[in-house]
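What the coordinates show
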Amino acid sequence: QVHLVESGGGLVQAGGSLRLSCAASGVFFSISTMGWYRQAPGKERELVADISRGGSTNFLDSVKGRFTISGDYVKNTVYLQMNNLRPEDTAVYFCFVRGYVKPYDYWGQGTQVTVSS
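The residue count restarts for each chain, going from 1 along the sequence in the order it is written. Local features in this predicted model are restricted to residues whose pLDDT is 70 or higher, and side-chain atom pairs enter the listing and the counts only when it is 80 or higher, whereas totals over whole chains, interfaces and linings include all residues. Excluded from the side-chain calculation are hydrogens and water; included are all heavy atoms of the structure.

**Considering the side chain of threonine 77**
Of note, threonine 77 is situated in strand β8 (residues 77–82). Classification of residues uses two cut-offs on accessible area relative to the type maximum, computed with a 1.4 Å probe and protein chains only: under 20% is buried, over 50% is exposed, and between them is partly exposed. We classify threonine 77 as buried; its relative accessible area is 9%. Any pair of nitrogen or oxygen atoms within 3.5 Å is treated as a polar contact; in protein, a donor-acceptor pairing is required on top of that, and neighbouring residues in sequence qualify only through side-chain atoms on both sides. Among the polar contacts made by the side chain of threonine 77, one reaches the main-chain carbonyl oxygen of lysine 75 at a distance of 3.2 Å. Setting aside residues up to four positions removed in sequence, threonine 77 forms contacts with Cys22, Ala23, Met34, Ser70, Gly71 and Asp72. Elements are defined by DSSP. Helices are runs of H or I of four residues or more, strands are runs of E of two residues or more, and each kind is numbered from the N terminus. Contact definition: two residues touch when any of their heavy atoms are within 4.5 Å.

**Brief notes about the nonpolar core**
Only buried residues count toward a nonpolar core, which is a set of Ala, Val, Leu, Ile, Met, Phe, Trp, Tyr and Cys residues joined through side-chain atoms within 4.5 Å. Core analysis: the largest hydrophobic core is formed by 29 residues, its most contacted members being Trp36, Val48, Phe67, Val78, Leu80, Met82 and Tyr93. Not counting residues within four places of it along the chain, the set of residues in contact with leucine 80 comprises Leu18, Arg19, Leu20, Trp36, Val48, Ala49, Phe67, Thr68, Ile69 and Tyr93.

**Structural notes on the packing of aromatic side chains**
Each aromatic pair joins two rings of Phe, Tyr and Trp (for Trp, the six-membered one) with centres within 6.5 Å, and gets the label stacked for planes under 30 degrees apart, edge-to-face for over 60, and tilted for any other angle. This model, assessed by the stated rule, comprises four aromatic pairs. Residues tyrosine 37 and tryptophan 107 carry aromatic rings whose centres are separated by 4.9 Å and whose planes lie at 55° to one another, so their mutual orientation is tilted. With a gap of 70 residues between them, tyrosine 37 in strand β4 (residues 33–39) and tryptophan 107 in strand β10 (residues 105–107) connect regions that are remote in the sequence. Since its relative accessible area comes to 16%, tyrosine 37 is described here as buried. Given the relative accessible area of 31%, tryptophan 107 is considered partly exposed. Among the aromatic side chains, those forming a connected cluster through ring pairs are Tyr37, Phe96 and Trp107. When the NZ atom of lysine or the CZ atom of arginine is within 6 Å of a ring's centre and also within 35 degrees of its normal, the charge is said to sit over that ring. When the ring centre of tyrosine 37 is taken as reference, the NZ or CZ atom of arginine 45 above it lies at 4.8 Å.

**As for the pattern of salt bridges**
Every case where a carboxyl oxygen of Asp or Glu lies within 4 Å of a side-chain nitrogen of Lys or Arg is listed as a salt bridge. Under the criterion given, the structure shown has five salt bridges. Glutamate 46 is paired through a salt bridge with arginine 38; the nearest N and O atoms lie 2.9 Å apart. Arginine 38 gets classed as buried once you look at its relative accessible area, which sits at 4%. Arginine 66 is the partner of aspartate 89 in a salt bridge, and the nearest nitrogen-oxygen pair spans 2.8 Å. Residue aspartate 89 is located in the loop between β8 and β9 (91–98), and its partner arginine 66 is located in the loop between β6 (57–59) and β7 (67–72); the two are separated by 23 residues in the primary sequence.

**Looking at the side chain of aspartate 50**
Position of aspartate 50 among the secondary structure elements: in strand β5 (residues 46–52). Despite being buried, aspartate 50 has no salt bridge partner; arginine 98 is the closest side chain of opposite charge, sitting 4.8 Å away. Side chain to side chain, aspartate 50 and asparagine 58 meet in a polar contact 2.9 Å long. Those residues within four positions of aspartate 50 in sequence are excluded, and the remaining contacts are Thr33, Met34, Gly35, Ser56, Thr57, Asn58, Ile69 and Phe96. In this tally Asp and Glu are treated as negative and Lys and Arg as positive; neither His nor the chain ends contributes.

**Regarding the sheet that holds β7**
Here a strand pair is declared whenever DSSP counts at least two bridges between the two strands. Read from one edge to the other, the open sheet built from four strands follows the order β1-β3-β8-β7, with strand pairing classed as antiparallel. The strands lining the two open edges of the sheet, one partner per strand, are β1 (3–7) and β7. Adjacent strand axes in the sheet meet at a mean angle of 15° when their direction is disregarded. Pairing geometry for β1 and strand β3 (residues 18–25), over five bridges, is antiparallel. Looking at β3, one finds that serine 7 is bridged to serine 21. Fitted lines through C-alpha atoms give the axes, limited to the stretch in contact for helices. The angle between two N-to-C directions lies from 0 to 180 degrees.

Next up, the structure:
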């Protein structure tokens, strides 16, 4: 059974930083990609960042230069370092791992990030 558990969310003032962690267990398949989505109230879920096994990364335009993603494919753990946070970054952040066969993606429960203005 695959379990993903996020940690590191919380309350922070604008301009502050948070580091999110996600540890995956029960993964008995090859992971191609790990990353993070977020969903703010009243908005669509959006991909924040991901990192492939080979180290290739993608970032949402609005977080480029502020967020950094890293992944440990030995520990099956993914991190999101969030710097210079803005109120519009407020959302529930979900981590995921992606395999090569269906259902492809597995998700965590989410962790709340709230940035005060």
